[in-house]
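# Coordinates in review
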Amino acid sequence: MQKIILDLDTGIDDTLAIAYALGSPEVELIGITATYGNVTLEQGMRNDLAITDLFGHSQVPVYPGLSHASTKDSFTVLSGSAFIHGKNGIGDVEIPDSARSAESENAVDFIIDAAHRYGEELTYVATGPLTNIAAAIAKEPDIKNEIGKIVIMGGALTVSGNVAPWREANISQDPEAANALFTSGAQVTMVGLDVTLQTLLTTEETQQWRDLHTAAGDFLSDMTDYYIRAYAKTSPKFGGCGLHDPLAVGVAIDPTLVKTLPINLKVDTEDPTRGRTIGDKDKLNDPHKTTQVAIGIDVNRFLSEFMSRISALAKGKR
Ligand code: RIB
Ligand code: CA
């Protein structure tokens, strides 16, 4: 069975990514590596432990990652984050703290150990800043050829960004780390705003979770409704919330959900376009492309997979 690591800044859509992975019989979630972004590293770990408990999967270990960007020495949550994800990252819904603690091994070493141990069988999915994976590759460069699949949610190639016209939130947090990953030679699939903003969830779907009358169903519906309300204010034209992070998990499990463009990608690290994901002109004629950027998506098939997998989990069937 495919082993999967999720690297998360947990966050509402990161929580939906956990639910998608746990609801998928094809994969075993062998660990969550925590990062900063929507919330602090500590809040993210608290959420990861509490959420996996609530979903009945307290076997999933959580590893502390790096607490700030590779070029900084601290991190402060952006002021807009609480509006989108709630102060606690999960729509201000209260769920019990876990009795468990995070592991003593750090995320970077866990990623390296898992790459050596599982090789091709290992899929690594990042849905926050790319600080942990960049640090792991810098420490042990061979892992870039050992890990079976690297899928990231981040970036925007054919549409504008969500932090600035040229900058998506996850890449924007640590452009140097993202650039290091894309130019490392590792094969990476980028699931960016090009496709994630085509996958929209509404209160019609969250009502289906509420109707299950389970603790997991109530949590998922209350939390996701917070996110839908934020989208209704910031992006009323969408008519729902973007399923950014669960789509990255969906693509990791079934790459046929998207159409991809092979390209040698880089991230601008200098102003005025710092944080932009763009093709590397110097490698334009290199026939060996290292990034697959998702630019088309089978929306209906993804939404149907999303609902059936997460509903099965919320019913306690997975
Ligand atoms: O741009 C969307 C991404 O930013 C998602 O991963 C969301 O959780 C936030 O981190
Ligand atoms: Ca995220």
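Refer to the structure above for everything that follows.
An account of the accompanying structure is given in this report. (Residues numbered from 1 in each chain as written. Chains lettered and ligands numbered in written order. Predicted model: local features only at pLDDT ≥ 70, side-chain atom pairs only at ≥ 80, totals over all residues. Heavy atoms only, no water.)

## A look at the overall build of the protein
This is how the line gets drawn: A run of H or I in DSSP counts as a helix once it spans at least four residues, and a run of E counts as a strand once it spans at least two, with each numbered from the N terminus. Radius of gyration: C-alpha atoms only; globule rule: 2.2 Å multiplied by the number of residues to the exponent 0.38. Whether two residues touch is decided by their heavy atoms; if any such pair falls within 4.5 Å, the residues are in contact. Reported accessibility uses the Shrake-Rupley method at a 1.4 Å probe radius. Residues are deemed covered only where the shown protein chains occlude them. Charge convention: Lys and Arg are scored as positive, Asp and Glu as negative, and His as well as the terminal groups of each chain are ignored. For charged residues, the charge sits on one atom: NZ in Lys, CZ in Arg, CG in Asp, CD in Glu.
Summing up its helical and strand segments, the protein has 13 helices and 12 strands in all. Relative to a compact globule of 318 residues, whose C-alpha radius of gyration would be 20 Å, the protein shows 18 Å and is just as compact. The principal-axis extent of the C-alpha atoms belonging to the protein is close to 55 × 45 × 40 Å. When contacts within the protein are restricted to residue pairs at least 6 apart in sequence, long-range pairs at least 24 apart make up 82% of them. Approximately 12800 Å² of the protein is accessible, and the part contributed by carbon and sulfur atoms is 51%. A gap of 4 Å separates the mean positions of the 26 positive and 42 negative side-chain charges of the protein.

## Things to note about the packing of aromatic side chains
Our working definition: Two aromatic rings from Phe, Tyr or Trp, using only the six-membered ring of Trp, form a pair when their centres are within 6.5 Å; if the ring planes differ by under 30 degrees the pair is stacked, by over 60 it is edge-to-face, and anything between is tilted. The buried label applies to any residue whose accessible area, calculated with a 1.4 Å probe on protein chains only, is under 20% of its type's maximum; exposed applies above 50%, and partly exposed to all values in between.
On inspection of all chains with the given rule, the structure shows 8 aromatic pairs. On the numbers, 4.9 Å between centres and 55° between planes, the contact of Tyr 36 with Phe 75 is tilted. Of this pair, Tyr 36 sits in the loop between strand E2 (27-34) and helix H2 (41-54) while Phe 75 sits in the loop between strand E3 (62-63) and helix H3 (81-85), and the two are 39 residues apart along the sequence. Among the residues examined, Tyr 36 registers a relative accessible area of 1% and is labelled buried. Three or more aromatic residues joined by ring pairs form one cluster here, namely Tyr 20, Trp 209, Phe 302 and Phe 306.

## Considering the layout of surface pockets
So the rule is basically this: Note on definitions: the grid is 1 Å and covers protein atoms alone; a cavity is a set of points where a 1.4 Å probe fits but cannot get out; a pocket is an open set with protein on both sides within 12 Å along at least five of seven lines; lining residues have an atom within 4 Å of a point. Grid points are joined across faces, edges and corners, and a volume is the space filled by probe spheres set on the points. Asp, Glu, Lys and Arg are counted as charged, while Ala, Val, Leu, Ile, Met, Phe, Trp, Tyr, Cys and Pro are counted as nonpolar; the rest, among them Gly, fall into the polar class.
Roughly 670 Å³ of internal volume is contained in the largest pocket. In terms of lining, the largest pocket is formed by 29 residues, of which the most central are Ile 84, His 85, Asn 162, Val 163 and Ala 169. A breakdown of the residues in the lining of the largest pocket according to their chemical character gives 10 nonpolar, 14 polar and 5 charged. Computed from the structure, the second largest pocket encloses a volume of approximately 170 Å³. Among the residues forming the lining of the second largest pocket, the class breakdown is 5 nonpolar, 4 polar and 1 charged.

## Description of the sheet that holds strand E4 (residues 122-126)
Rules: For two strands to count as paired, DSSP must find a minimum of two bridges between them. Fitting a line to C-alpha atoms yields each axis, with helices limited to the stretch in contact; the angle taken between N-to-C directions then spans 0 to 180 degrees.
The strand order across the open sheet formed by 8 strands is E3-E2-E1-E4-E5-E6-E12-E9, and the pairing between neighbours is mixed. Each edge of the open sheet is held by one strand with a lone partner, namely E3 and strand E9 (258-263). Bridge count between E2 and E3: 2 bridges; the pairing is parallel. For Thr 33, the partnering residue across the bridge sits in E3 and is Tyr 63. Sheet strands touched by helix H4 (residues 107-118): strand E1 (2-8), E2, E3 and E4. Its angle to E2, the strand with the most contacts, is close to 155°.

## Quick look at the nonpolar core
Here is the rule we go by: Definition used in this section: a nonpolar core is a set of buried Ala, Val, Leu, Ile, Met, Phe, Trp, Tyr and Cys residues joined via side-chain atoms within 4.5 Å.
Grouped together as the largest cluster of nonpolar side chains are 61 residues, with contacts concentrated most on Leu 6, Phe 55, Leu 220, Val 249 and Phe 306. Val 249 has contacts with Ile 4, Leu 6, Ala 17, Tyr 20, Ala 21 and Val 125, leaving out every residue within four places of it along the chain. By size, the runner-up hydrophobic cluster in this structure holds 32 residues, among which are Ile 112, Met 190, Val 267 and Val 293.

## Considerations on the coordination of the calcium ion (ligand 2)
Operational definition: Each metal site lists N, O and S donors within 2.8 Å (3.2 Å for Na, K and Ca). With water left out of the atoms, a site can look as if it is missing ligands.
Listed as protein donors to the calcium ion (ligand 2) are Asp 9 (OD), Asp 14 (OD), Asp 14 (OD), Thr 127 (O) and Asp 245 (OD); their distances from the metal cover 2.2 to 2.7 Å. Here the donor residues for the calcium ion (ligand 2) map to a single chain with the spacing D-x4-D-x112-T-x117-D. Taken together, the positions of Asp 9 in the loop between E1 and helix H1 (12-22) and Thr 127 in the loop between E4 and helix H5 (131-139) put the pair 118 residues apart, joining distant regions of the chain. In this pair, the class of Asp 9 matches that of Thr 127, namely buried.

## Some remarks on unusual backbone geometry
Between Thr 10 and Gly 11 the backbone carries a cis peptide bond, its omega angle lying at 5°. Along the chain, Gly 11 falls in the loop between E1 and H1. Backbone torsion omega between Asp 271 and Pro 272 reads 10°, so that peptide bond is classified as cis. Mapped onto the elements of the fold, Pro 272 is located in the loop between strand E10 (265-267) and strand E11 (277-279). One non-glycine residue, His 213, lies in positive phi territory at about 55°. By the secondary structure assignment, His 213 is in the loop between helix H10 (203-210) and helix H11 (215-234). In this structure His 213 comes out as exposed when scored by relative accessible area, which is 68%.

## Regarding the site of ligand 1
To keep things clear, this is the line we draw: One heavy atom within 4 Å of a molecule or strand makes the whole residue count as near it. Definition of a polar contact: a pair of N or O atoms within 3.5 Å, with one able to donate and the other able to accept a hydrogen when the atoms are protein atoms, and with sequence-neighbouring residues admitted only if both atoms are side-chain atoms.
Neighbouring ligand 1 are 13 residues; Asp 13, Asn 162, Glu 168, Asn 170 and Asp 245 lie closest to it. At 3.0 Å, a backbone N or O of Thr 127 approaches an oxygen atom of ligand 1. Contact distances for ligand 1 include 2.8 Å between an oxygen atom and a side-chain N or O atom of Asn 162. Coverage of ligand 1 by the protein chains reaches 95% of its 280 Å² of free accessible surface. Within the residue set of the shell around ligand 1, elements represented by two or more residues are H1, helix H7 (169-173) and helix H12 (244-253).

## Notes on H4
An α-helical turn contains 3.6 residues, so any two residues separated by three or four positions project in the same direction. Test applied: Multiplying 1.5 Å by the helix residue count minus one yields the expected span of that helix.
Between the first and last C-alpha of H4 there are 16 Å, a value that for 12 residues agrees with the 16 Å anticipated at 1.5 Å per step. The set of residues buried in H4 consists of Ala 107, Val 108, Phe 110, Ile 111, Ile 112, Ala 114 and Ala 115. With a side-chain oxygen positioned 3.0 Å from the backbone nitrogen of Val 108, the residue opening H4 is Asn 106. A positive phi of about 50° marks Gly 119, the residue just after H4.

That is the geometry; function is a separate question.
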